[in-house]
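Remarks on the overall topology
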Amino acid sequence: MLRGIDVSSHQSSSYDTDGLSFVFVKATEGRSYVNPKLAAQTKRGRDAGLVVGFYHFLWPGNLTEQAEYFVARAPEKRGDILAVDWETTGDGSHASNSEKDRFIRKVKQLRPHHKVVLYCNRHFWLSYDTTSYAGDGLWIADYVTAGKPRIKADWRFHQYTDDPLDKNVADFSSESALREWAGG
């Protein structure tokens, strides 16, 4: 299993990269928020030679506008991975299945040479998801043993803890396999 983390404005721009193969950086949320540390956190990952991904925290409604907002602000480099973060918002709502699916498809249309994955927690995957559409792969959050999420679906990334920060593993045989998948 390859190791990685995901970061947002809550984490330092000089996060530790030792032993990591990848990082996901929060880029945007809704249609008005951009991570103020996006450029610095991206540079840190790129300087360390990591595969870099960007995620958008999805709000219900205005899916096309949200997708356009995300891709206009997420850095674009071949081999970057894009993700939609599908979970409960600060006001207790969440995007529907069809909104989640339309957002992924719109991002894939806007950035056809990038892998686009779905991030959600186990509860959302088992209780809310009815389409099982995850774009190019599933990034599942389930705080158990790394690489052993309690789902039957295939997954590419597993967020297994948030202590002291969000730690992930990727289901690839090697870093070169991850790079080939992300770039191909």
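In what follows, the structure referred to is the one given above.
Since the structure is predicted, the reported quantities are computational estimates derived from the model, not experimental observations. (Residues numbered from 1 in each chain as written. Predicted model: local features only at pLDDT ≥ 70, side-chain atom pairs only at ≥ 80, totals over all residues. Heavy atoms only, no water.)

Looking at unusual backbone geometry
Going from Asp163 to Pro164, the amide bond is cis rather than trans, its omega being 0 degrees. Take Pro164: it is sitting in the loop between β8 (157-161) and β9 (167-170). With a phi angle near 50 degrees, Asn62 is a residue other than glycine that sits in the positive phi range. In this fold, Asn62 is placed in the loop between β4 (51-57) and α2 (63-73). Its identity as a non-glycine residue notwithstanding, Ser132 has a phi of 60 degrees, on the positive side. For Ser132, the position within the fold is in the loop between α4 (122-128) and β7 (138-141). (Helix = DSSP H or I, 4+ residues; strand = E, 2+ residues; numbered from the N terminus.)

Structural notes on helix α1 (residues 38-47)
For α1, the full list of buried residues reads Leu38, Gln41, Thr42 and Gly45. Looking straight down α1, one finds that the buried residues subtend no more than 100 degrees of arc, so they occupy a single side. Pointing more than 90 degrees away from the buried face of α1 are the exposed residues Ala39, Lys43 and Asp47. Buried residues belonging to α1 abut β1 (2-7), β2 (22-29), β3 (33-34), β4 and α2. Looking one or two residues past α1, Gly49 carries a phi angle of roughly 80 degrees, positive in sign. (Buried < 20%, exposed > 50% of the residue type's maximum accessible area, 1.4 Å probe, protein only. Arc of directions from axis to C-beta. Contact = heavy atoms within 4.5 Å.)

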